[in-house]
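Fold and geometry: a report
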Amino acid sequence: MTLHPPDGGSFRFDPGALCLELLLTGGPGPLARFEVLDTPAGLLDWVAASRLDPPGLRLPPIGEADLAAVRGVRDALHGLTAARAHGRTAPAPDLAVVNAAAAVPPLAVRMTATGRRAWAPGASVAGLVSTIARDAIDLFTGPYAAAGRIRECGAHDCYLLFVDTSRPGRRRWCAMERCGNRHKVRAHRARTQTEGEA
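These lines cover the structure that appears in this document, whether it is placed above or below.

Thresholds, definitions, all that
Residues numbered from 1 in each chain as written. Predicted model: local features only at pLDDT ≥ 70, side-chain atom pairs only at ≥ 80, totals over all residues. Heavy atoms only, no water. Salt bridge = Lys/Arg side-chain N within 4 Å of Asp/Glu carboxyl O. Helix = DSSP H or I, 4+ residues; strand = E, 2+ residues; numbered from the N terminus. Axes fitted to C-alpha atoms, helices over the stretch in contact; angles between N-to-C directions. Parallel < 35°, antiparallel > 145°, perpendicular 65-115°, else oblique. Left-handed = near helix turned anticlockwise from the far one by under 90°. Contact = heavy atoms within 4.5 Å. Nonpolar A, V, L, I, M, F, W, Y, C, P; charged D, E, K, R; others polar.

On inspection of all chains with the given rule, the structure shows seven salt bridges. Between Arg51 and Asp14 there is a salt bridge whose closest N-O contact spans 2.4 Å. Here Arg51, found in the loop between helix H2 (40-49) and helix H3 (64-85), pairs with Asp14, found in the loop between strand E2 (11-12) and helix H1 (18-22); they are 37 residues apart in sequence, far enough to count as distant.

Before going further, it helps to examine the packing of helix H4 (residues 92-102) against helix H5 (residues 125-141). Packed helix pairs are specified by the crossing angle of their axes together with the interaxial distance, meaning the distance between the axes. Where H4 contacts H5, the axes come no closer than 7 Å and their chain directions differ by 120 degrees. Between H4 and H5, the crossing angle belongs to the class labelled oblique. Between H4 and H5 the crossing geometry is left-handed. Contact residues: Val98, Asn99, Ala101 and Ala102 in H4; Val129, Ser130, Ala133, Arg134 and Ile137 in H5. When grouped by side-chain class, the residues that make up the contact of H4 with H5 number six nonpolar, two polar and one charged.

Keep in mind these numbers describe shape, not what the thing actually does.
Take a look at the structure:
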């Protein structure tokens, strides 16, 4: 996804999972300033930009209760993901929210006459939320040890969470062109200043 931070510019960021893409829409505490799920258009924009497959999901009219449900699952996912990234126990209330959302039937796909995947009629926000919650359960409990590679960006002022899909498993930054480069610039300045004082 392409992110446009408030301090300007843009950069590409791949959190590694559908459920973690939802965390880019805002969240609790300091993340509230990034909130985009306060309008139906914000949710529809996220759906269009997300890795949902197949693309082109059409939802019925979205109400405030729908938006609140998506935000509730998103905030619970943030709590679970941050806890995992820092080696803490998963908060029980967040687990309960995600498990309840996953208990609802998810979005369904079908095959068209031309052999393509398409969303089955009857898509709903509850089905979307269930699909996201089930993706989170797969991420945290799946057989590929992805949960052990959940990280938070190493920058002191960045809270982006992601799955480290690099081969060696040593990814530190949300994106090298943003936080990684800023770290390199700070380290270079510190070395230059130290050498100048010597």
